[in-house]
Amino acid sequence: MKKKLASALVALGATSALMLSGCSSSSDRSGSDDASGGASAAAGFEAGATIGVALPQKTSENWVLAQNLFEDGLTSDGYKPIVQFANGGVSEQQNQIQAMVQKGAKVIVVGAIDGSQLGTQLKAAADQGVKVIAYDRLVKNTDAVDIYEAYDNFKVGQLQGQALLDGLKERKGDGPYNIELISGSPDDANSKPFFDGAMEVLQPKIDDKTLTVVSGQVSQQETSTQGWEAENAQNRMDTILAGNYKDKDLDGILSPNDTLARAALTSVKQAGKDTPVITGQDSEVESVKSIMAGEQYSTIYKDTTALVNSTIDAVNAYQKGEDPEVNDTKSYDNGVKVVPANLLDPVIVTKENAADVYKDDKTLAPLTK
Ligand code: BGC
């Protein structure tokens, strides 16, 4: 029955919109496969609709910036936004998404705390014809996600790995070097591409002994930081330093973001060690200051305004019944489907190029003067 309806719609020329939303191939999105539901989803929804934005915890500044940008941007495009953090964790985020659907949201934008724990709520949303946009973090193991809006996570990792090598050469002279690795929260789908991207660059240098990970902790699991919590990274680094670096220098640390970089630097300082070359991500104010002061070596600029704007463009496309723009249809397999993605380009920042990279950023540009 559903199959028949799908082929009828294909014959009617509705192919691309439905293909992208996954409706035509999905057997379990019964709501949007109904005659009326499917047709109305493809035809868009009313201007001024409610749009839900479910953000995770405030584990880095980018999320806090996103809150205001979504509220202002969606409001000025005429929508009624509901933007919420889930500081209490996964079940709070699940409840928020459910409530957004009950309040009639036509699109749910989700920055997942745990990308694998939202299947039930997102399927319920999709069954009502609600469009689901994964924002910054992929949602996994569900076909109830229409599009992924993010910076290229694997590239972030590659840039971090290369920055660590460049920084070591620049600040610590010729190798070999002692390093440690930190990765992000294991429940965040981004942590793997960040780590894999970095290790693509670093592994050959570990293999040829240019780099030694003295603790021996080299897997994503061993290096992970539950909840992206600074305290967890700092405690792990304290233990590593006490157990492995009594009579050794620590030359470099791969850190997946700025918050964890600052936590690791605190640990190193407390252990009375020299400042290691350390990477980061997010261009947080304190880290940009640290970079300009010659401490933290690098960060990544992922302009939150650009990502929020691109996500609101996707909302506007759905409102008109159109397909949002995507530029990657093969990289983000979420375990059930390859999610069409619109990926923006991350930029590596060191003291050398900071003024140039941040020149249009009102908050960060003054820090580079
Ligand atoms: C984001 C990073 C951020 C981290 C912690 C990741 O999903 O992509 O930019 O540093 O979450 O909030």
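Structure first, text after, so check above.
Since the model is a prediction, treat every value here as computed from it, not as a measurement. (Residues numbered from 1 in each chain as written. Predicted model: local features only at pLDDT ≥ 70, side-chain atom pairs only at ≥ 80, totals over all residues. Heavy atoms only, no water.)

Below, the discussion takes up the pattern of salt bridges. Taken as a whole and assessed by the stated rule, the structure comprises nine salt bridges. Ionic pairing is found between K302 and D136, a salt bridge with its closest N-O pair at 3.7 Å. Taken as a pair, K302 in the loop between β10 (299–301) and α14 (304–319) and D136 in the loop between β4 (131–135) and β5 (147–151) lie far apart in primary sequence, 166 residues in all. Among the residues examined, K302 registers a relative accessible area of 8% and is labelled buried. For the salt bridge of K269 with E295, the shortest nitrogen-to-oxygen distance reads 2.9 Å. Residue K269 is found in helix α12 (residues 258–270), and its partner E295 is found in the loop between α13 (285–292) and β10; the two are separated by 26 residues along the sequence. (Salt bridge = Lys/Arg side-chain N within 4 Å of Asp/Glu carboxyl O. Helix = DSSP H or I, 4+ residues; strand = E, 2+ residues; numbered from the N terminus. Buried < 20%, exposed > 50% of the residue type's maximum accessible area, 1.4 Å probe, protein only.)

What follows concerns helix α11 (residues 230–244). Note that an α-helix has 3.6 residues per turn; residues three or four places apart therefore point the same way. Between its first and last C-alpha, α11 extends 21 Å over 15 residues, near the 21 Å set by a 1.5 Å rise per residue. Every buried residue of α11 is accounted for by A233, Q234, R236, M237, I240 and L241. Buried positions in α11, seen along its axis, are confined to an arc of 165° and lie on one side of it. Seen from the open side of α11, the exposed residues pointing more than 90 degrees away from its buried face are E231, T239 and G243. At its buried positions, α11 is contacted by β6 (177–181), α10 (220–223), β8 (252–254) and α12. (Expected span 1.5 Å × (residues − 1). Arc of directions from axis to C-beta. Contact = heavy atoms within 4.5 Å.)

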